[in-house]
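Listed here are the chains, written in short residue letters.
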Amino acid sequence: MKIIILGAGQVGANLAASLVIESNDITVVDLDVERLALLQDRFDLRTVRGHAAHPSILKMAGADDADMLVAVTQSDETNLVACRIASTLFNVPTRIVRLRSADFLETEVGFLAEHFGVDHVISPEQEVTETLRRLIEHPEALQVLDFAGGKVRLVAVRAYHGGPLIGHELQDLRRHMPDIDVRVAAIYRRNHGIVPQGITVVEPEDEVFFLARKQDISAVMRELRRMERPVKRVMIAGGGNIGRRLAASLELDYEVKLVDHNKVTCTLLAEKLHRTLVLCGDATDEDLLEQENIESMDVFCALTNDDEDNIMSALLAKRMGAKRVIALINRSAYVNLVQGGEIDIAISPAQATVGPLLSKIRRGDMVTVHSLRRGAAEALEIVVHGDLKTSKVVGRRIGDVALPEGSSIAAIIRGEKVIIAHHDTLIEAEDHLIVFALNKRIIPKVEKLFQVGFGFF
């Protein structure tokens, strides 16, 4: 596909990196010469320096024959104007916009499509907030992802010494939990991906990805690791977009404290949040944390705009007794550096945003795409069409489908029914399949497998 990306910030750069690998024709537009030079040095793509909302710049970037425009600059207004111009002047078929402001996100359905030509909206802040909320619901998990509108979840968990299933074969799961249907989609052992079989033995420190119905997640996790007590108290450092959204999302169910250094911000937060205790101060201040009983906090979330502050406050909170600490990290090099050490989970906003964008770019009928292990793997929700003649999967049992090596079908959503996949499960037309790909390089083969033949049309 010929894709124009407006904005070479964290989100734009991450998206460009993901799409270039898949042999797409990418052009990145930005005003910052240094950012563009850095991208051009690293990847095989075009860059154009200029204002993303100027028609002449869009024309220079190739909007006349582009398949898609993705506007992810820091300015909502620039993104919307660029989208409108791409729609009216250049007739770009697909237009995706990043929006940060709640004012735009809360407009009535159809307003952005009608007046700005927007096909799809992505909100990194909203994506990160939902990611954090799921991790607080399941504090033992490394990653929690929703499919089929939340009916089924894919959870990554680190297997610990002492778990009932450690040292046993995966097929023992069924004997341990005869009433719960679960599918282990993948295991990462010392950073090497394994497509699990029934006889695969779970070892301590394995990173296990399993798929189960939402209500069964806790029971499965108990088989793999010792369970921590449910989260009751949460402290948030940073009252920006993400911190405010998370506090509003949590305050009815948890005891929430929010720390921000800006007095004006604190005053506004105190007015908007009803049950959250808003504190004006520095989250790296040891005295403040001690005074607010950091040792009694079940989860500490460092969500400021400064990576270094987030790392330092999270490390300090952990050292002072917080049970679990999560840090928001923008620089991808930092994410790999701190994840899994003293800091339990490092979240990259750019990486959280890539998944929703990929679902619009992938070939085939994709409902959801989730980027896993910092972009190395993917989980996809794919709708299958056709029949025995026009499809390579419809009308066949999972064991008979020629899946690319390193991929697996973990579950099928059929209407309101969730079917955990087994080798003899029959695939029907219009089923939603949850497919796990251990390595991003096999995605084109997965896409090709699920495409229908010409006879279907």
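Everything here concerns the structure above.
Residues numbered from 1 in each chain as written. Predicted model: local features only at pLDDT ≥ 70, side-chain atom pairs only at ≥ 80, totals over all residues. Heavy atoms only, no water.

S.K.: Which parts of the structure should I look at to understand the environment of I412?
M.R.: Its location among the elements puts I412 in strand β20 (residues 407–414). On the basis of relative accessible area, I412 is assigned to the buried category, the value being 0%. Through-space distance from the C-alpha of I412 to that of S359 is 18 Å; in sequence the pair is 53 residues apart. Ignoring any residue separated from it by four or fewer positions in sequence, one finds I412 in contact with I398, K417, V418, I419, T425, L426, I427, D431, H432 and L433. (Helix = DSSP H or I, 4+ residues; strand = E, 2+ residues; numbered from the N terminus. Buried < 20%, exposed > 50% of the residue type's maximum accessible area, 1.4 Å probe, protein only. Contact = heavy atoms within 4.5 Å.)

S.K.: Even after reading the chapter, I still don't get helix α1 (residues 10–20), so can you show me in this structure?
M.R.: Because an α-helix packs 3.6 residues into every turn, residues spaced three or four apart end up facing the same way. For α1, the tally of buried residues reaches ten of eleven residues, placing the bulk of the element in the interior. All of the buried residues along α1 are V11, G12, A13, N14, L15, A16, A17, S18, L19 and V20.

S.K.: I tried to follow the environment of K417 on my own but got confused; where do I start?
M.R.: Take K417: it is sitting in strand β21 (residues 417–420). Along the sequence, K417 and K151 sit 266 residues apart, while their C-alpha atoms lie 9.0 Å from each other.

S.K.: Just checking my understanding: could you explain the packing of aromatic side chains for this structure?
M.R.: Under the criterion given, the structure shown has three aromatic pairs. Ring plane angle 70 degrees and centroid distance 5.8 Å describe the contact between Y188 and F209, whose orientation is recorded as edge-to-face. Placement of the pair is Y188 in strand β9 (residues 182–189) and F209 in strand β11 (residues 207–213), with a sequence separation of 21 residues. For the pair formed by Y188 and F209, the shared burial category is buried. (Phe/Tyr/Trp six-rings, centres within 6.5 Å; stacked < 30°, edge-to-face > 60°.)

S.K.: Help me understand empty space enclosed by the protein, please; the structure alone is not making it clear to me.
M.R.: According to the stated counting rule, one finds one cavity of 30 Å³ or more in the structure shown. Taken as a whole, the largest cavity spans an internal volume of roughly 70 Å³. Taken together, M1, E22, N24, I361, R362, R363, I443, P444 and E447 make up the full set of residues lining the largest cavity. Considering each element in turn, the lining of the largest cavity owes the most residues, three residues, to helix α16 (residues 443–450). For the lining of the largest cavity, the residue count by class is four nonpolar, one polar and four charged. (1 Å grid on protein atoms, 1.4 Å probe; cavity = no way out; pocket = protein on both sides within 12 Å on 5 of 7 lines; lining within 4 Å. Points joined across faces, edges and corners; volume = space filled by probe spheres on them. Nonpolar A, V, L, I, M, F, W, Y, C, P; charged D, E, K, R; others polar.)

S.K.: Looking at this structure, how should I read helix α7 (residues 124–137)?
M.R.: For α7, built from 14 residues, the straight-helix expectation of 20 Å at 1.5 Å per residue is met to within 8% by its first-to-last C-alpha distance of 20 Å. Of all 14 residues making up α7, ten are buried, and the element is well covered by its neighbours. (Expected span 1.5 Å × (residues − 1).)

S.K.: For this particular structure, what's the right way to read the packing of α7 against helix α15 (residues 349–361)?
M.R.: Relative orientation and spacing of two packed helices are given, respectively, by the angle between their axes and the distance between those axes. Look at α7 against α15: their axes get within 9 Å of each other, and the N-to-C directions meet at 100 degrees. By the angle class used here, α7 and α15 are roughly perpendicular. Between α7 and α15, the residues in contact are P124, E127 and V128 and P349, A352, T353 and P356, respectively. When its residues are assigned to classes, the contact of α7 with α15 shows five nonpolar, one polar and one charged. (Axes fitted to C-alpha atoms, helices over the stretch in contact; angles between N-to-C directions. Parallel < 35°, antiparallel > 145°, perpendicular 65-115°, else oblique.)

S.K.: I keep staring at the layout of surface pockets and nothing clicks. Help me out?
M.R.: Empty space among the atoms can be located by rolling a probe the size of a water molecule over them. By volume, the largest pocket is sized at about 1100 Å³. Lining the largest pocket we find 48 residues, and of these T131, Q143, L145, A352 and S371 sit closest to its centre. Its volume calculated, the second largest pocket comes out at about 880 Å³. Along the wall of the second largest pocket there are 46 residues; nearest its centre are Q74, R98, R100, N305 and N330.

S.K.: Hey, could you run me through the sheet that holds strand β8 (residues 152–158) in this one?
M.R.: Strands pair in a sheet through their backbones, by hydrogen bonds, and they do so in one of two ways: parallel or antiparallel. In space, the five strands of this open sheet follow the order β7-β8-β11-β9-β10, with antiparallel pairing throughout. Both edges of this open sheet fall to β7 (141–147) and β10 (192–194), since each of them pairs with a single strand only. Strand-to-strand, the axes of this sheet are offset by a mean angle of 20 degrees, without reference to chain direction. Along the sheet, α7 contacts β7 and β8; its crossing angle with β7, the most-contacted strand, is approximately 120 degrees. (Pairing = 2+ DSSP bridges.)

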